[in-house]
Amino acid sequence: MERRSAIGLNTPRDDRVSGRTIRLRGIVQGVGLRPWVYRLASEEGISGRVRNDAAGVTIDAFGTPSALDRFLARLRDEPPNAAVITALKWRPALASEAPGHFEIAASRPAAARRVSIPADIATCPQCLDEIFDPQNRRYRYPFTNCTNCGPRFTIVREVPYDRRSTTMAAFAMCEDCRREYESVENRRFHAEPNACPRCGPRLSLLAADGLELATDDPIRAAAQALRRGMIVAVKGLGGFHLACDATDATAVSALRTRKRREEKPFAVMVRTLAEAEQLALLDDDERQLLASPERPIVLVRRREDARIAAQVAPRNPLVGVILAYTPLHHLLLAECARPLVMTSGNLSEEPIAYRNDEARERLCGVADLFLVHDREIVARCDDSVVRKIAGGPCVMRCSRGYVPRPLPVRRRFPRPVLACGAQLKNTFCLGVGDEAYLGPHIGDLDNLETYASFEESISRMERFLGVVPRIVAHDLHPDYLSTRYALSRRDVVHIGVQHHHAHIASAMAEHGLEGPVLGVAYDGTGYGTDGTAWGGELMLADYARFERIATFRSIALAGGDRAIRDVWRIALAALCDAFGGAPPLGEIPLFRSVDQNSLATVRRMLDARLNAPLARGVGRYFDAAGAIILATAASRYEGQIAMMLNFAARSERAQPYSYELATASHPWELDLRPALRELAADVISTADPGAVAARFHATLVHATATMLREILGRHGRMPIVLSGGCFQNDLLARGVLEALSPDYDVYLHHRVPPGDGGIALGQAMVASAAAKNLAGE
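The following refers to the structure shown. In this text the structure is predicted, and so the values were computed from the model without any measurement.

Notes on the overall build of the protein
Working step 1: Counting its secondary structure elements, the protein contains 22 helices and 30 strands.
Working step 2: Taking 28 Å as the expected radius of gyration for a compact globule of 777 residues, we find that the protein reaches 28 Å, a close match to that expectation.
Working step 3: Based on the C-alpha atoms only, the size of the protein along its principal axes is roughly 90 × 65 × 50 Å.
Working step 4: Counting only residues that meet the buried cut, the protein has 62% of its 777 residues in that class.
Working step 5: Pairs at least 24 apart in sequence give 72% of the contacts found in the protein among residues at least 6 apart.
Working step 6: Accessible area for the protein stands at about 29300 Å²; split by element, carbon and sulfur atoms hold 48% of it.
Working step 7: Averaging the positions of the 96 positive and the 92 negative side-chain charges in the protein gives two centres separated by 2 Å.

Observations concerning the nonpolar core
Working step 1: One finds Tyr522 and Phe591 to be the most contacted residues of the largest nonpolar core, which totals 128 residues.
Working step 2: For this core, the element with the highest residue contribution is helix α20 (residues 689-715), accounting for 13 residues.
Working step 3: Ranked by size, the runner-up nonpolar core spans 50 residues in total, among them Leu242, Val270, Val321 and Cys381.

Regarding the sheet that holds strand β19 (residues 429-438)
Working step 1: Pairing is mixed across the open sheet formed by four strands, whose spatial order is β19-β18-β20-β21. Either end of the sheet is taken by a strand with one partner, and the two such strands are β19 and β21 (493-497). This sheet shows a mean twist of 60 degrees between the axes of neighbouring strands, independent of strand direction.
Working step 2: The sheet contact formed by strand β18 (residues 407-419) and β19 spans six bridges and is antiparallel. Looking at β19, one finds that Leu418 is bridged to Leu430.
Working step 3: Packed onto the sheet, helix α12 (residues 481-488) meets β18, β20 (471-475) and β21 and runs at close to 155 degrees relative to β20.

Examining the side chain of Gln763
Working step 1: Within the fold, Gln763 resides in helix α22 (residues 759-774).
Working step 2: Judged by relative accessible area, Gln763 falls into the buried class, the value being 0%.
Working step 3: With residues near it in sequence (within four places) discarded, Gln763 still touches Ala419, Cys420, Gly421, Ala473, His474, Asp475, Val497 and Ala502.

Description of the packing of helix α5 (residues 218-227) against helix α9 (residues 327-336)
Working step 1: Interaxial distance between α5 and α9 falls to 9 Å at its minimum, and their mutual angle equals 50 degrees. Relative to α9, the element α5 is oriented oblique. Of the two possible hands of crossing, α5 and α9 adopt the one that is right-handed. Across the interface between the two elements, Ile219, Arg220, Ala222, Ala223, Leu226 and Arg227 of α5 pack against Leu328, Leu331, Leu332, Glu335 and Cys336 of α9.

Some words on the packing of helix α17 (residues 618-630) against α20
Working step 1: α20 packs onto α17 with a crossing angle of 160 degrees between their chain directions and a minimal axis gap of 10 Å. When the axes of α17 and α20 are compared, the pair comes out roughly antiparallel. Every pair of crossing elements has a handedness; the one defined by α17 and α20 is right-handed. On α20, the residues touching Val618, Tyr621, Phe622, Ala625 and Ile629 of α17 are Pro689, Val692, Ala693, Phe696, His697 and Leu700.
Working step 2: For the contact of α17 with α20, a count of residues per class yields 10 nonpolar, one polar and no charged.

Some thoughts on the pattern of salt bridges
Working step 1: Counted by the stated rule, this structure contains 61 salt bridges.
Working step 2: For Glu435, the salt bridge goes to Arg25, with nearest N and O atoms at 3.1 Å. Of this pair, Glu435 sits in strand β19 while Arg25 sits in strand β2 (residues 18-27), and the two are 410 residues apart along the sequence.
Working step 3: Several salt bridges share partner residues, and in doing so they unite Glu130, Arg137, Arg138, Glu180, Arg187 and Arg188 into one network.

Section: the packing of aromatic side chains
Working step 1: A full pass over the atoms with the stated rule returns 12 aromatic pairs.
Working step 2: For the ring pair Tyr451 and Phe454, a centre distance of 6.0 Å and an interplane angle of 35 degrees mean the geometry is tilted. Of the two residues, Tyr451 and Phe454 are both situated in helix α11 (residues 448-465); the distance of three residues between them amounts to about one turn of the helix. The burial state of Tyr451 is the same as that of Phe454; both residues are buried.
Working step 3: Relative to Tyr621, the ring of Phe552 lies with its centre 5.9 Å away and its plane at 55 degrees, an arrangement referred to as tilted. In this pair, Phe552 is assigned in strand β24 (residues 546-552) and Tyr621 in helix α17, connecting sequence segments 69 residues apart.

Describing the side chain of Asn426
Working step 1: Looking at where Asn426 falls in the secondary structure, it is placed in the loop between β18 and β19.
Working step 2: Here Cys420 takes part through its backbone oxygen, which lies 2.9 Å from a polar atom of the side chain of Asn426.
Working step 3: Apart from residues no more than four positions distant in its own chain, Asn426 is found in contact with Cys420, Gly421, Pro440, His441, Ile442, Gly443, Leu445, Phe454 and Ser482.

Focus on the pairing of strand β10 (residues 267-270)
Working step 1: Here β10 shows a buried face lined by Ala267 and Met269 and a second buried face lined by Val268 and Val270.
Working step 2: Examined bridge by bridge, β10 and strand β14 (residues 340-344) share two bridges and lie antiparallel to one another. Along β14, the bridge assignment pairs Met269 with Leu340.

Overview of the environment of Leu290
Working step 1: Within the secondary structure layout, Leu290 lies in helix α8 (residues 284-291).
Working step 2: Residues Leu290 and Gly515, 225 residues apart in the sequence, show an inter-C-alpha distance of 34 Å.
Working step 3: In this structure, Leu290 is in contact with Leu273, Ala276, Leu282, Arg295, Val298, Val321, Ile322 and Leu323, ignoring residues within four places of it in sequence.

A word on α9
Working step 1: The element α9 is largely enclosed, with a buried count of nine among its 10 residues.
Working step 2: Every buried residue belonging to α9 is among Pro327, Leu328, His329, His330, Leu331, Leu332, Leu333, Glu335 and Cys336, and all of these are buried.
Working step 3: With its phi angle positive at about 55 degrees, Ala337 sits one or two positions after the end of α9.

Things to note about the pairing of β21
Working step 1: Pairing of β20 with β21, which is carried by five bridges, proceeds in the parallel orientation. In the sheet register, Asp475 faces β21, and the bridge partner there is Val497.
Working step 2: For the segment spanning β20, α12 and β21, crossover handedness is right-handed.

Conventions and cut-offs
- Residues numbered from 1 in each chain as written.
- Predicted model: local features only at pLDDT ≥ 70, side-chain atom pairs only at ≥ 80, totals over all residues.
- Heavy atoms only, no water.
- Helix = DSSP H or I, 4+ residues; strand = E, 2+ residues; numbered from the N terminus.
- Rg over C-alpha atoms; globule rule 2.2 N^0.38 Å.
- Buried < 20%, exposed > 50% of the residue type's maximum accessible area, 1.4 Å probe, protein only.
- Contact = heavy atoms within 4.5 Å.
- Areas by Shrake-Rupley, 256 points an atom, 1.4 Å probe, with all protein chains shown as cover.
- Lys, Arg positive; Asp, Glu negative; His and termini not counted.
- Charge placed at Lys NZ, Arg CZ, Asp CG, Glu CD.
- Core = buried A, V, L, I, M, F, W, Y, C linked by side-chain atoms within 4.5 Å.
- Pairing = 2+ DSSP bridges.
- Axes fitted to C-alpha atoms, helices over the stretch in contact; angles between N-to-C directions.
- Parallel < 35°, antiparallel > 145°, perpendicular 65-115°, else oblique.
- Left-handed = near helix turned anticlockwise from the far one by under 90°.
- Nonpolar A, V, L, I, M, F, W, Y, C, P; charged D, E, K, R; others polar.
- Salt bridge = Lys/Arg side-chain N within 4 Å of Asp/Glu carboxyl O.
- Phe/Tyr/Trp six-rings, centres within 6.5 Å; stacked < 30°, edge-to-face > 60°.
- Polar contact = N/O pair within 3.5 Å; in protein donor to acceptor, adjacent residues only side chain to side chain.
- Right-handed = clockwise from strand over helix to strand, strands pointing away.

Here it is, written out as structure tokens:
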């Protein structure tokens, strides 16, 4: 049973004493809020109690009206750094119930649950000082934490957030830790993961066969292995990383081979901002993102003289940098004295490993050693990814550090909604009341392991919230595993949501827009209401409905999904369409590298429309243009060609190519065949690829802005929202924003991923509105 801490206040029990019951919601558990409230009450002469419950934190406060007013004002204005108070409400309480002291009372359950557990928080400066202080009892202890930092979401089994509800319940505190835990003046007062070398979790170093290696210092032994070029699986907060020396080309290449990850960039971890500055050219916003409590991977421009192997991010001027966020990371990096690759502990396309036995089984062919510990991880949680897009931060992968933080929404959910997301970059969303909860990044639902992780994560969040969804939203694509899962749920209302409508609704929800809006959804593909692949869509939309106003001319995908990998097929289809079936292939360098038998076969497929479905995705135009301009026949990972084209562009003020807009049809159709003919002519004339890439971007920007202005001229002024994975391209996003500002209100994603990782939020909003209409509410 939780102990109580109390102080006597000698509060006058006279007629002036009144009472208030105060309820706080938001990120209010596990962030030192109760001890802070305790100290605040002492300073203001308030008696009463504070406790966690399943909805947040409740305070029964008694004192003079002026003292209570000051107390409330300080609650609003001075919360702890890691706390986020989204709602503060109070009602009068009977003064006769006032005690003579203030206490932290035992937690209790409540009927209406809300997740107030914070995300995992990066190690604070005070704890860092302790682990590097030889005189401190936590010297070199890799699980040091306090109320300001440490694991939270990844170790919690149930709410409310108390030690007994976490995986730290297995570790009984020693006398010293218990004394800290119970002392209101100590920063570990009610720090639930509190521990030390005497009573807390322990590290061990295992060989690839699972046998424990004899060593007095597993961290030092692991660091020595890393310096020798070995690969070490390191158990972190939300799962395992695969680590190697980022300066060692041989080690990085070996990791790529074993992990089956050809060219997709690896993240690099360093200890400090000063070390990050040695790898990348940083501005103030990027420094702030790197040092934020969330500690995401931040995509930044690599320095030409950066001391990391080229194999870390092949053919890519950016590097994903992440600062150490646990004591274990700090100690390991200090021992290695060099940057480390820290990539997800999995084989490509699988979920991150998070249990010791699972890691040894799945990563035994990848890692040479395993640095493990005995603190159980409950929720696997990958590192989040952020990049500065169009002058502002853009979360590209929402996971550790951000989850399970709720997103307030202006339009309440009358009934709980589960939105199951898309097939790629899957996340789910639960909508409850006036909040939406995005789940952690799951990944591509292409195998049973990832699908099982998807099911487990949904079940866990439903349990945390204490809700049973009454509405289940899904993509219209019948073959998505997320769709099949949604349709397998019983006793619910199933609502299919068009992919690009969901993208637009996601941006609307993030910015609190009710609609109508003019939405732009540019991505690779999404199932349309006509059964074809959309992806270059301009829509008039609110949550309940949309009207498709404009789209792009379709491109044939010879071989279906294979064309997305072998992008020369898309380039061939686009050029055949642009040149009336007779493109000058022999003069274009790309096609000299393509097997001529394969080329002839694909041309026959296109001519016969055999296994060549049509797609309207802007991402496919990026693939076609990138393949032609950069003479690159294949994409090694999703979005690679579009990124390479973005990086190649040398001018932001380039002259756009020609295009045609057919407004007589419905929807309007943007025809880029003139642009492709001019682009091909530039390539044939050996024009600078950087200039050609810039002109292609300028064409998309100009065409998009032209369509938006034309549509608004006919339909009236309204907000513009930009969504979909293509708006992770800084040049495109910034170009459209600048072309329309300040004449129009334009909204881009910041907190919610613009790609499929954020689509579940839009599904939830659309499904809730559709269900309300169906019910006649």
